Amino acid sequence: MKALVYHGPGNKAWEEKPKPSIKEPTDAIIKILKTTICGTDLHIMKGDVPTVTDGRIIGHEGVGVIDEVGAAVSNFKKGDRVLISCITSCGKCEYCKRAMYSHCEKGGWILGNLIDGTQAEYVRIPFADNSLYHLPANTDEEALVMLSDILPTAFECGVLNGQVKPGDTVAIVGAGPIGLAVLITAQFYTPAEIIMIDIDDNRLSVAKTFGATHIMNSNHENVFEKIMALTENKGVDVAIEAVGLPETFELCETIIAPGGHIANVGVHGKSVSLHMETLWSKNITISTRLVDTTTTPMLLKTVAAKKINPAKLITHHFALKDIEKAYDTFGHAASEKSLKVILTNG
């Protein structure tokens, strides 16, 4: 089969690899129908995720059709169309029993990280019964790709950890796909104001159409001054970091109100300064999290009921074989006006 293979920072190739086979009775082999590229994959390509080693097939999102199942798989059969979760869970370990599937002792985020991932024609999914979902009938497969990772990540790490409540003023730093997914799911809780902060005017204009009440370009405006003017010098109730850079997290530290919540979603490859000299007395909460995908079943129902439409995050389509071109488009988001790309295995 063909797959996208990582060969160290800045080096990847679309090349021939052996088709995966069943290794454990709990495995399933999935023929990929549609997959995508994540901001985390760009971090991998920069060398920010050292657990990803030379020769690894990248990718942790997608929908597909089951090609083969192991003898112990009971919930799925050959031919079933499935959503692949970015998180693999055994369902039996201490962390799984606490619903912290991201820290599963035999799984967690391993796809495209510790084992071969989904940017390929086929992928092996361990613990298939706990790591796959049946696709609801009559739903948009492209939209459901967004439920592999970015929708549950945005909702769990951003909205739930940030404890967004009705009437809150929420600031989302980063209007990329994950920040926009935070914007979509934050509206479940009817915050009074949602401020979207970015350096890309196109993404900010998209955020406005998605429900942002205010947009701010931090390259051209003093975001701190604008937010203080907007909030009577209090700051925001919830600040959600959706980029993964020191300066964006530190911006969250400056704009948070007393008693507020800073929720980190971004993947950080460098250390960040924690300004305890200003934060120690402010009664704030800082949370970090890797998505556990506990909310995926709920989000599937919400999408199937057409209460939210994650397909609007998709801006570009490519054949899977053109994935290197897709990476170039996704990696130059400002000039290409790209959000999520869909790769179809024809």
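Thresholds, definitions, all that
- Residues numbered from 1 in each chain as written.
- Predicted model: local features only at pLDDT ≥ 70, side-chain atom pairs only at ≥ 80, totals over all residues.
- Heavy atoms only, no water.
- Helix = DSSP H or I, 4+ residues; strand = E, 2+ residues; numbered from the N terminus.
- Rg over C-alpha atoms; globule rule 2.2 N^0.38 Å.
- Buried < 20%, exposed > 50% of the residue type's maximum accessible area, 1.4 Å probe, protein only.
- Contact = heavy atoms within 4.5 Å.
- Areas by Shrake-Rupley, 256 points an atom, 1.4 Å probe, with all protein chains shown as cover.
- Lys, Arg positive; Asp, Glu negative; His and termini not counted.
- Charge placed at Lys NZ, Arg CZ, Asp CG, Glu CD.
- 1 Å grid on protein atoms, 1.4 Å probe; cavity = no way out; pocket = protein on both sides within 12 Å on 5 of 7 lines; lining within 4 Å.
- Points joined across faces, edges and corners; volume = space filled by probe spheres on them.
- Axes fitted to C-alpha atoms, helices over the stretch in contact; angles between N-to-C directions.
- Parallel < 35°, antiparallel > 145°, perpendicular 65-115°, else oblique.
- Left-handed = near helix turned anticlockwise from the far one by under 90°.
- Nonpolar A, V, L, I, M, F, W, Y, C, P; charged D, E, K, R; others polar.
- Polar contact = N/O pair within 3.5 Å; in protein donor to acceptor, adjacent residues only side chain to side chain.
- Phe/Tyr/Trp six-rings, centres within 6.5 Å; stacked < 30°, edge-to-face > 60°.
- Lys NZ or Arg CZ within 6 Å of the ring centre and 35° of its normal.
- Pairing = 2+ DSSP bridges.
- Salt bridge = Lys/Arg side-chain N within 4 Å of Asp/Glu carboxyl O.
- Disulfide = S-S within 2.5 Å.

What the chain contains, in helices and strands, is 13 helices and 15 strands. Taking 2.2 N^0.38 as the reference for a compact globule, 346 residues should give roughly 20 Å; the C-alpha atoms of the chain span a radius of gyration of 20 Å, in line with that estimate. Projecting the C-alpha coordinates of the chain onto the three principal axes gives extents of approximately 60 × 40 × 40 Å. Burial status across the chain gives 57% buried among its 346 residues. Expressed as a percentage of contacts within the chain between residues at least 6 apart in sequence, the contacts between residues at least 24 apart total 68%. Summed over its atoms, the accessible surface of the chain is roughly 14400 Å², and 51% of this surface lies on carbon and sulfur atoms. For the chain, the distance from the average site of its 33 positive side-chain charges to the average site of its 40 negative ones is 6 Å.

Time to look at the layout of surface pockets. Its boundaries defined by the atoms lining it, the largest pocket holds a volume of some 1400 Å³. If you trace the largest pocket, you find 50 residues lining it, with G39, H43, I178, A242 and V243 closest to the centre. Of all the secondary-structure elements, those providing two or more residues to the lining of the largest pocket are helix 1 (39-46), helix 5 (150-160), helix 6 (177-186), strand 9 (193-198), helix 9 (246-255), helix 12 (323-331) and helix 13 (333-336). Ranked by residues supplied to the lining of the largest pocket, first place goes to helix 1 with five residues.

Moving on, we come to the packing of helix 8 (residues 223-230) against helix 9. At a closest axis distance of 10 Å, the pairing of helix 8 and helix 9 adopts a crossing angle of 30 degrees. By the criterion of interaxial angle, the relationship of helix 8 to helix 9 is roughly parallel. For the pair helix 8 and helix 9, the crossing hand works out as right-handed. On helix 9, the residues touching V223, F224, I227 and M228 of helix 8 are L251, T254 and I255. For the contact of helix 8 with helix 9, the residue count by class is six nonpolar, one polar and no charged.

Take the environment of T231 next. Relative to the helices and strands, T231 is located in the loop between helix 8 and strand 11 (236-241). With 74 residues separating them in the primary sequence, T231 and C157 have C-alpha atoms 24 Å apart. Polar contacts involving the side chain of T231 include one to the main-chain amide nitrogen of G235, which spans 2.9 Å.

The subject of this paragraph is the packing of aromatic side chains. Counted by the stated rule, this structure contains two aromatic pairs. Measuring from ring centre to ring centre gives 6.3 Å for F155 and Y189, while their planes differ by 15 degrees; the resulting arrangement is stacked. One end of the pair, F155, is in helix 5; the other, Y189, is in the loop between helix 6 and strand 9, and 34 residues separate them in sequence. Residue F155 is classed as buried on the basis of its relative accessible area of 3%. Among the residues examined, Y189 registers a relative accessible area of 29% and is labelled partly exposed. Each member of the aromatic cluster is reached from another via a ring pair, and the members are F155, F188 and Y189. Geometry around Y122 places K19 over its ring, the cationic atom sitting 4.4 Å from the centre. Over the face of the ring belonging to F210 we find K312, whose NZ or CZ atom lies 4.5 Å from the ring centre.

A few words now on the sheet that holds strand 12 (residues 256-264). One open sheet holds the six strands; their spatial order is 10-9-8-11-12-13, and the pairing between them is parallel. Among the strands making up the open sheet, the edge pair consists of strand 10 (214-217) and strand 13 (285-287). Between one strand axis and the next, the sheet turns through 15 degrees on average, direction left out of account. Strand direction decides the pairing type here: strand 8 (residues 169-173) and strand 11, joined by four bridges, are parallel. Paired with A171 across the bridge in strand 11 is A239.

Here the focus is the pattern of salt bridges. Evaluation of the coordinates by the stated rule reveals 15 salt bridges. Of the charged contacts, one joins D292 and R289 as a salt bridge, the two residues approaching to 3.1 Å between their closest N and O atoms. Owing to a relative accessible area of 28%, R289 belongs among the partly exposed residues under this scheme. Residues joined by salt bridges that share partners form a network here, namely K19, D67 and K78.

Within the secondary structure, D168 sits in the loop between helix 5 and strand 8. According to the relative accessible area criterion, D168 is buried, its value standing at 6%. Non-local contacts of D168, meaning those with residues more than four positions away in its chain, are made with Q163, P191, A192, E193, D237 and V238.

Now for the state of the cysteines. For the structure shown, the criterion picks out zero disulfides. Sulfur of C86: no disulfide; nearest cysteine sulfur belongs to C38 and is 8.0 Å away. Take C252: it sits in no disulfide, and the sulfur closest to it among the cysteines is that of C157, at 14 Å. We classify C252 as buried; its relative accessible area is 0%.

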